[in-house]
2 protein chains.
Amino acid sequence: MNKLESLRALMRSRDWDAVVLTGSDPHGSEYIPERYKQIRFLSGYGGEASGLVVTTDEAGLWTDTRYLIEARHALEGSGITLHPQKRLGCEDLARWLGEQRDLTRIAVDALTTSAGFADALQQAVGEECEVVGVPELLAPLWPDCPELPQTPLFTVDSREGRRAKLDFLRDFCRTRHCDALLLGALDEVAWTLDVRASDIEYNPYVISYLLVSANEAVWYVLKDSVADPGSEDALERIAADGVRIEDYSAAQLLADDLPEGKRLFCCPRSLNVALRDALRNAGVEIVAGETPVAARKAVKTEDEIEAMQRAHLLDGIAMEKFLFKLEKALDAGQEVSERDAALWLGALRAQSEEYLSDSFETISAYGPSAALPHYVTPERDAPLLRQEGLYLCDSGGQYLCGTTDITRTVPLGECSQQEKEDYTLVLKGHIALADAVFPEGTPGCRIDALAREPLWKAHRNFGHGTGHGVGFLLGVHEGPQDLRQDLNPTPLQAGMVLSDEPGLYREGQHGVRHENLLLCVSDGESDFGAWLRFEPLTLCHFDCSALLVELLDEAEIRWLNAYQERVYTTLSPYLSEAESLWLRTKTAPLQD
Amino acid sequence: MNKLESLRALMRSRDWDAVVLTGSDPHGSEYIPERYKQIRFLSGYGGEASGLVVTTDEAGLWTDTRYLIEARHALEGSGITLHPQKRLGCEDLARWLGEQRDLTRIAVDALTTSAGFADALQQAVGEECEVVGVPELLAPLWPDCPELPQTPLFTVDSREGRRAKLDFLRDFCRTRHCDALLLGALDEVAWTLDVRASDIEYNPYVISYLLVSANEAVWYVLKDSVADPGSEDALERIAADGVRIEDYSAAQLLADDLPEGKRLFCCPRSLNVALRDALRNAGVEIVAGETPVAARKAVKTEDEIEAMQRAHLLDGIAMEKFLFKLEKALDAGQEVSERDAALWLGALRAQSEEYLSDSFETISAYGPSAALPHYVTPERDAPLLRQEGLYLCDSGGQYLCGTTDITRTVPLGECSQQEKEDYTLVLKGHIALADAVFPEGTPGCRIDALAREPLWKAHRNFGHGTGHGVGFLLGVHEGPQDLRQDLNPTPLQAGMVLSDEPGLYREGQHGVRHENLLLCVSDGESDFGAWLRFEPLTLCHFDCSALLVELLDEAEIRWLNAYQERVYTTLSPYLSEAESLWLRTKTAPLQD
């Protein structure tokens, strides 16, 4: 009996008409521990998806168009139908379920389903159908499900410190007339307690919850890791700042830790159904909303900015060494696959003592591979790089001093006219945004078009956002700000860090993306108000060999020459003589 | 006893703690008949305002920052406090009332207050206070209040025709499960019935309501105007298309005309409190929402586009004759005031047989006057134009073939470096938008920044929207699309007409605005989707004497030269030889 049939047998025994799995974890995370990879366990598909639905006679997986090819391949012969989704999130899946007849009970996994999703699902299917949260729904089918990881803890020194951050949350609670606030999102817990670990791949988080009330702060965390002396030290420091440390499992009982009154503020996206049900049963009133942490941590402190500049120096050194090594290897006729290149880059990043991990899985994509914006390099038989056309590499590191994210598109030899045009137009878009000046209060969606207009004029476009927020030694994607087509009203502010990554993708041919991280900074005041602009944090040259210089205007050439010069001047002291000479030629100024 | 005191006496006798007047009419119009100018009657201030509030001991007028100077002047010594408002609409006023203590009854004029406003006000003041709609609230104070105007009716021939438009509304009703739909907005009635008049200043509307149900259409309109043969003919044509014509006053009884079921769809912004209360008392269920008319009429038909092109030819001829006359008069040493100039332009427009009226009050503003984006030229002792600096003229016409709106900023002689820079940067912004290419589905707010970035780069900006929709022989302002900083999600579509009018204003010095109307048109399809761009409808040269050509790039010069050439070629056949020669020099191509 295959897994799907086993699940259906379970469904029959429990009177469930459908099961929905959302591919998240108890904290609403983007990256999740192995223990919660329920969709991969059932379907074989391991990429991003917004949900798997199994009914008595149907099974469907919802994923967005970026992952269709990968998902189609993985689902072949599985009996699971692939549903491309038009909208982000669970809307399409919930609507599909709402259109099915004769559903009276839908089971969701109580731990990995957020209260927000469960509510949306309940609304879509109507009152006649009950959405029930089932603890460890897959346990009978998956006895050898992996344990949760426990990795060494370490603390970071923030300018504000833990006590001030906890007081900030207490002040927020008061304005919302709540007795306590629960943080479930792992990046929000890590930021508040100035603590990090490696529990989640690519994200330096600690799997835990934080409960903050007027007189107390309780951190629910797996304690077995205390075995290691660094972790013990971290726990002591945190406890010394007035935080009571409890075992992770005690979070299910956190209602007992609440003061009288029991109004609890939390975000429905990071509150799971199991915890919500436990709180409800204990008579706790849940006040749902956005916590103030995301908006606060999006604006980096001076210390964080200084550290991130160092992270980008380290990252720039690794990138330039990588690009030098790659070019020389190809020139020497060496066989280099996409996978080799990714491994080389990872190894060069890891040479820094401050390197912790990559900040996401490196996209190492040659030629047509790069036409998939979220290409996953195969572990075996990865395509080989040749000395022609474009190679795209999108990667980043988690350093003790910050998080990086960079894409370079590298001409490996002769390029077609269309490759050159695409390369140049995307760079024009990148520069237009990097060089923009805008008034305080401007949301990112109002200036996203600056990066697209050079492409639009040539009837070209790209289907992803132009930029996302980036954390400080936290997630490589963070809100609330972004630079996208969606009308997100969050104003950009000095201190925010965003990626600037326009692209262009031609199926079966090639892909181009140019990405730097930008720091939003003040540009002073005038009679017309206060102004903002960007400063690139990323340090790595753009290869001008595929550039059609005649398509650039004076201001673009000025920006590019100044950037290239800064890259050379800043990085060359850390490079070998050969690397430095090579970088000098790569960054030679363009003539107007 | 002054008017305010008389009103307070009335308030005491009726037990009202406050009176709110909103400056609108029974249809939620932007421009209103004299009969409803209640705020001017009470306060002396005749400009735009979002409301006047009178309590037992306070009185306040809310207006946005564009009108502050004018309002301050008008309210001097009136006992009415001026409140600058930050947000559009009634939000600030309602909030202020919500903060007052001991209010138990607030009276609003039932005819000139929309149901939408009354609801928002009720929500702001809370349940303890009652908002009551009072029919003809000011009648005891204003016995000689003017009658409603009745102007001759005429019909227009639309491609669709009345019957198809009525069926379109019936289809919409069905999708909303309503038995009938009521149009209260005057432009929506005029569009649906293909009828026009001059009941409202600058707007070719007929004061009326239209009720559409499955089997009937009833037009509630003042019938006395039928005396004139043209109007009689118009009424006959409308009746011939299955429309029953009733007296305007019968609209208060329209519940009687509703079929069984009585679910009525209407827009709360154009439904007044008196009518809403009458419907409620008759047991009608009101379904509130946006009617489909605004979105439909925003996309012009081919016939309308052709006609609007003709309107812009007529308007361009008048504009060029005006600019020629102005320059020659000043050269001849003639004394010309802002008022003279406005009158000359009006007279030149009126030379066309197809001219009906101006489409708004001409802004004729020299030097510092132009620093007020909504300057009103004084009737007496208007400032004189001199042969230096900048003269700004924002004006438009209602022609039988369409509505126009144009602003030209005219250098009258020597200009300062700052005037030249401002003139040039605003033109760069104008061109950036006029020359934009963007994908189908793009809302205006996503490309508004294109018109601002050249100004932003110089730390300059303007406080109004970049563009508004324009009707076809209807309002010079219409929705739902616009080009603004607010995040309006309405996508631009081929067939929409929008203004492109960036500006720059320096108090006490000068103002610049360059405005053309643009037609949104298809720009074909590519591998990356379908594309849109703009074509200027407006035909009138930009004066290059104040232009800093070195600030323009090649593409901007190319756009400008092509536009100027098109203006010359199109208009010169309709100009005198002297005018034509003059226009030739004005439109001579710039060298790169």
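Residues numbered from 1 in each chain as written. Chains lettered and ligands numbered in written order. Predicted model: local features only at pLDDT ≥ 70, side-chain atom pairs only at ≥ 80, totals over all residues.

Caption draft 1: Here's a closer look at the overall build of chain A. A tally of helices and strands in chain A yields 16 helices and 28 strands. In terms of overall dimensions, chain A is globule-like: its C-alpha atoms have a radius of gyration of 25 Å, near the 25 Å expected for 592 residues. A buried classification covers 49% of the 592 residues belonging to chain A. (Helix = DSSP H or I, 4+ residues; strand = E, 2+ residues; numbered from the N terminus. Rg over C-alpha atoms; globule rule 2.2 N^0.38 Å. Buried ≥ 20, exposed ≤ 12 C-beta atoms within 10 Å, placed from the backbone.)

Caption draft 2: Just the interface of chain B and chain A, in detail. Across the contact, 24 residues belong to chain B and 24 residues belong to chain A. Those elements that provide at least two residues to the side of chain B that touches chain A are strand E21 (437-439), helix H14 (448-457) and strand E28 (529-536) of chain B. It is H14 of chain B that provides the largest number of residues to the side of chain B that touches chain A, a total of 6 residues. Here the residues of the side of chain B that touches chain A are counted per class, giving 13 nonpolar, 5 polar and 6 charged. (Contact = placed C-beta atoms within 7 Å. Nonpolar A, V, L, I, M, F, W, Y, C, P; charged D, E, K, R; others polar.)

Caption draft 3: Just the sheet that holds strand E2 (residues 51-55) of chain B, in detail. Residues and elements named next belong to chain B. Here 6 strands make up an open sheet; going across it, the order is E4-E3-E2-E1-E5-E6 and the pairing mixed. Edge positions in the open sheet fall to strand E4 (81-85) and strand E6 (130-134), since each of these has one partner strand only. With direction set aside, neighbouring strand axes in the sheet form an average angle of 25 degrees. Pairing analysis gives 5 bridges linking strand E5 (residues 105-109) to E6, with the strands arranged parallel. Bridge assignment links alanine 107 to a residue of E6, and that residue is valine 132. Sitting on the sheet, helix H1 (residues 3-14) touches strand E1 (18-21), E2 and strand E3 (59-64), and the angle it makes with E2 is about 60 degrees. Contacts from helix H5 (residues 115-125) reach E1, E5 and E6, with the element oriented near 155 degrees to E6. (Pairing = 2+ DSSP bridges. Axes fitted to C-alpha atoms, helices over the stretch in contact; angles between N-to-C directions.)

Caption draft 4: Molecular detail of the nonpolar core. Ile106 and Leu181 of chain A together with Ile106, Leu121 and Leu181 of chain B are the most contacted members of the largest nonpolar core, which has 345 residues in total. Other than its neighbours up to four places away in sequence, leucine 181 of chain A contacts Leu169, Phe172, Cys173, Val212, Phe265, Cys266 and Thr291 of chain A. (Core = buried A, V, L, I, M, F, W, Y, C linked by C-beta atoms within 7 Å.)

Caption draft 5: Quick look at the relation of the copies chain B and chain A. You can overlay chain B on chain A at an RMSD of 0.1 Å; the transform is a turn of 180 degrees with a shift of 0.1 Å along its axis. A rotation of that kind, with that shift, is consistent with a two-fold axis. Among all residues of chain B, the minimum C-alpha distance to the rotation axis is found for arginine 446 of chain B, at 2.6 Å. Both copies contact each other with a shared surface, as 100% of the interface residues of chain B are interface residues in chain A too. (Least-squares fit on C-alpha atoms with pLDDT ≥ 70 in both.)

Caption draft 6: Seen up close, the sheet that holds strand E19 (residues 402-403) of chain B. Residues and elements named next belong to chain B. One open sheet holds the 3 strands; their spatial order is E15-E18-E19, and the pairing between them is antiparallel. Where the open sheet ends on each side, the last strands, each with one partner, are strand E15 (355-358) and E19. Two elements, strand E18 (residues 397-399) and E19, share 2 bridges in a ladder whose sense is antiparallel. Paired with tyrosine 399 across the bridge in E19 is glycine 402.

Caption draft 7: Summary view of the packing of helix H13 (residues 417-434) of chain A against helix H15 (residues 554-571) of chain A. Residue and element names in this part refer to chain A. As a packed pair, H13 and H15 sit with axes 10 Å apart at the nearest point and diverge in direction by 80 degrees. Relative to H15, the element H13 lies roughly perpendicular. On the side of H13, the interface is formed by Lys428, Ile431 and Ala434, while H15 contributes Glu556, Trp559 and Leu560. (Parallel < 35°, antiparallel > 145°, perpendicular 65-115°, else oblique.)

Caption draft 8: Main features of unusual backbone geometry. The amide bond that connects glycine 479 of chain A to the next residue, proline 480 of chain A, takes the cis arrangement and shows omega of 5 degrees. Mapped onto the secondary structure, proline 480 of chain A falls in strand E23 (residues 478-483). Of note in this structure, histidine 177 of chain A is not a glycine but carries a positive phi near 55 degrees. Along the chain, histidine 177 of chain A turns up in the loop between helix H6 (162-175) and strand E8 (180-183). Positive phi is not limited to glycine here, since aspartate 102 of chain B has a value of about 60 degrees. The topology assignment puts aspartate 102 of chain B in the loop between helix H4 (91-99) and E5. Assessed through the 9 C-beta atoms surrounding it within 10 Å, aspartate 102 of chain B is described here as exposed.

Caption draft 9: Representation of the domain arrangement of chain A. All names here are of chain A. Along its sequence, chain A is organised into domain 1 (3-134), domain 2 (154-294) and domain 3 (299-586). Measuring from the centre of the C-alpha atoms in domain 2 to the corresponding centre in domain 3 gives 35 Å. Across the contact, 12 residues belong to domain 2 and 15 residues belong to domain 3. Take the side of domain 2 that touches domain 3: its biggest share by element is 3 residues, from helix H7 (residues 186-193). (Domains from an automatic or database assignment.)

Caption draft 10: Seen up close, helix H11 (residues 302-331) of chain A. Compared with the 44 Å implied by 1.5 Å per residue over 30 residues, the 43 Å span of H11 of chain A between its first and last C-alpha is a close match. Where H11 of chain A terminates, the next one or two residues include glycine 333 of chain A, which has phi positive at roughly 80 degrees. (Expected span 1.5 Å × (residues − 1).)

Caption draft 11: How the structure looks around the pairing of E4 of chain B. All names here are of chain B. Relative to E4, E3 runs parallel, the two sharing 5 bridges. Counted as the bridge partner of glycine 60 is threonine 81 from E4. One crossover worth recording links E3 to the parallel E4 by way of helix H3 (residues 68-75), and it is right-handed. (Right-handed = clockwise from strand over helix to strand, strands pointing away.)

Caption draft 12: Representation of the packing of helix H11 (residues 302-331) of chain B against helix H16 (residues 577-586) of chain B in the model. All names here are of chain B. Relative to each other, H11 and H16 sit at 90 degrees, their axes nearing to 10 Å. When the interaxial angle is binned, H11 and H16 end up roughly perpendicular. Each of Glu320, Lys321 and Phe324 in H11 lies in contact with H16, whose residues at this interface are Glu579, Trp582 and Leu583. Residue composition of the contact of H11 with H16, by class: 3 nonpolar, no polar and 3 charged.

Caption draft 13: Representation of the pairing of strand E24 (residues 497-500) of chain A within the structure. All names here are of chain A. In E24, alternate side chains face the same way, and those of Val497 and Ser499 on one face and Leu498 and Asp500 on the other are all buried. Note: E24 against strand E27 (residues 516-526), 4 bridges, orientation antiparallel. For serine 499, the partnering residue across the bridge sits in E27 and is leucine 517.

Caption draft 14: View of the environment of glutamate 525 of chain B. Residues and elements named next belong to chain B. Within the fold, glutamate 525 resides in strand E27 (residues 516-526). Taking the C-alpha atoms as reference, glutamate 525 lies 64 Å from threonine 56; in sequence the two are 469 residues apart. Once residues lying within four places of it in the same chain are set aside, the contact partners of glutamate 525 are Ala530 and Trp531.

Caption draft 15: The arrangement of the confidence of the model for chain A in detail. Scored by pLDDT, chain A comes out at a mean of 94, with 98% of its residues at no less than 70. Quick note on the complex model: pTM equals 0.93, ipTM equals 0.91. (pLDDT = per-residue confidence, 0-100.)

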